[in-house]
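Commentary on secondary and tertiary structure
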Amino acid sequence: MAIGNGGTGSGLVVSFGEMLIDFVPSEAGVSLAEASAFLKAPGGAPANVAIAVARLGGRAAFVSKLGDDEFGHMLAAILREKGVSDAGVVFDAGARTALAFVTLRADGEREFMFYRNPSADMLLTAAELNVNLIRNGAIFHYGSISLIAEPCRSAHLKAMELAKESGALLSYDPNLRLPLWPSPEEARKQILSIWDKADIVKVSGAELEFLTGHDSVEDEVALRLWRPSLKLLLVTLGDMGCKYFTKDFRGIVGSFTVKQVDTTGAGDAFVGALLHGIIEDQSALQDEKKLRQVLRFANACGAITATKKGAIPSLPSASEVMEFLEKA
C-alpha cells in the first residue's frame, strides 16, 4: 500500500474550521498566571490536520476566516509555506484572529484559556465559502468548534452539504473544548446534531465518555456512538493505541511508547495520517488488514508529534514516520 511514499494519490483533503495562535508558557508545568513568558505557536485542530496531510505528501486545502491583522496574515502564510492551499481563507477587517493561552502541565496535558469574542473564524458566512474548492475535495474534514455560534454554524452546515453532494467522504473529529460552549449539555447536543452526516468519526477516550455519559471506553460504550451511516468510528486512547469499528469488523491497534513532551497536535497528526492513507487507498475502509496498516502509520504520526513542543513544528514527514516504524 502506498502509505508514506510521498503521496501518489491525487485526492484533495479540504479541512474546515478554526486556525488561531496558541500562546504557550516558555516553561512547562506552570499555570498561566505563573508563566513569566509565552511563545506563540500557530494552531487550531482543522488547520493542523490540513498541514499534517501536506507534510505526508498529500494535497490539502483549508477553509476559514481569519482577522485582517498581522496574526491572520501570518497564519495564512504558514499554510502556504507548509504546502496547504489557502484559497478557502477569507479575512475580516472587523474581528481579530482567535488567540488561546495553553498551559502544559507537568504530565504534558493541556489547559486552555480562549480569547474569541467574537473572533474572525466565528464570523464566516455561507456566502463567503469557496464553493468550487469544497466541491473538489475527496475528503471534507471538520470539528465541532465551528458549530458553537452563528453565522459560522450555518457556513459549516452548508459546506458539509456541498461536500456530500459532490461525493466527498465526510470526516469528523469533534475536538471537544468545553470552555468555549455555553454549557456541557449544549456541547453534547450540538456535537451529536451532525453525527449521522459523517462517514468517518474520530473521538478521544475522554470525548467518548463525555458524549455517552459512561465512564468507560469499552466496546459496548463506544458502539453507542455507532450509526448505520458511518463507515469508520475510531476511539483514540493515547498510549494505549486506538480502537476501530466498521460495520464488518472491529479491533485495536497498539500505540508506540515515546517520551511525551507536548501532546498538542498529536490527535491532529493521527487524523491527517488517517485521511492521507484513506485517500491513497479507499479500500482500507473495507479491508481490515489495510486499515490496520493505515492506523499503525497514524499512531506513529501521533506518537512522533507528542515528542516535540508545539503542534505544527512537530508534524512529521513521511520519511520520518517510515524511519520511526523501521526502528519500532
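Residues numbered from 1 in each chain as written. Predicted model: local features only at pLDDT ≥ 70, side-chain atom pairs only at ≥ 80, totals over all residues. Heavy atoms only, no water.

- Per an unreviewed UniProt entry, the chain carries the name fructokinase and comes from Musa balbisiana.
- Turning to the chain, the UniProt annotation filed under Catalytic activity (unreviewed entry) states: "D-fructose + ATP = D-fructose 6-phosphate + ADP + H(+)".
- Regarding the chain, the UniProt comment filed under Sequence similarities (unreviewed entry) reads as follows: "Belongs to the carbohydrate kinase PfkB family." (UniProt positions renumbered as here; feature names shortened; annotations may be inferred.)

Brief notes about the sheet that holds strand S2 (residues 20-25)
- Pairing in this open sheet of four strands is mixed, and the strands run S3-S2-S6-S7 from one edge to the other. Bordering the open sheet on either side are strand S3 (38-43) and strand S7 (110-115), each of which pairs with just one other strand. Going across the sheet, the axis of each strand differs from the next one's by a mean of 25°, ignoring polarity.
- Inspection of the sheet shows S2 paired to strand S6 (residues 99-104) by three bridges, in the parallel sense. When the bridges of S6 are listed, Ile-21 appears paired with Leu-99.
- Here helix H2 (residues 70-81) sits on the sheet and contacts S2, S3 and S6; the angle it forms with S2, its principal contact strand, is near 95°. (Pairing = 2+ DSSP bridges. Helix = DSSP H or I, 4+ residues; strand = E, 2+ residues; numbered from the N terminus. Axes fitted to C-alpha atoms, helices over the stretch in contact; angles between N-to-C directions. Contact = heavy atoms within 4.5 Å.)

Remarks on the packing of aromatic side chains
- Following the criterion strictly, the structure yields 11 aromatic pairs and no others.
- Taken together, the aromatic side chains of Phe-16, Phe-140, Tyr-142, Tyr-172 and Trp-195 make up a single cluster linked through ring pairs.
- Taking the ring centre of Phe-210 as reference, the NZ or CZ of Arg-188 above it sits at 4.4 Å. (Phe/Tyr/Trp six-rings, centres within 6.5 Å; stacked < 30°, edge-to-face > 60°. Lys NZ or Arg CZ within 6 Å of the ring centre and 35° of its normal.)

Focus on the environment of Pro-151
- Structurally, Pro-151 can be placed in the loop between strand S8 (139-142) and helix H4 (152-165).
- The class for Pro-151 is partly exposed, based on a relative accessible area of 28%.
- As a C-alpha pair, Pro-151 and Leu-176 span 25 residues in sequence and 20 Å in three-dimensional space.
- If sequence neighbours within four positions are ignored, Pro-151 has contacts with Met-122, Leu-123, Leu-124 and Thr-125. (Buried < 20%, exposed > 50% of the residue type's maximum accessible area, 1.4 Å probe, protein only.)

Observations concerning the sheet that holds strand S13 (residues 250-253)
- If you trace the nine strands from one edge of the open sheet to the other, you get S5-S4-S1-S8-S9-S10-S11-S12-S13, paired in mixed fashion. In this open sheet, the two strands that pair with only one neighbour each are strand S5 (84-92) and S13. Strand-to-strand, the axes of this sheet are offset by a mean angle of 15°, without reference to chain direction.
- Running at roughly 170° to S5, H2 makes contact with strand S4 (59-67) and S5 of the sheet.
- Strand contacts of helix H6 (residues 205-212): strand S10 (200-204) and strand S11 (232-236), with the helix running at about 100° to S10, the strand carrying the most contacts.

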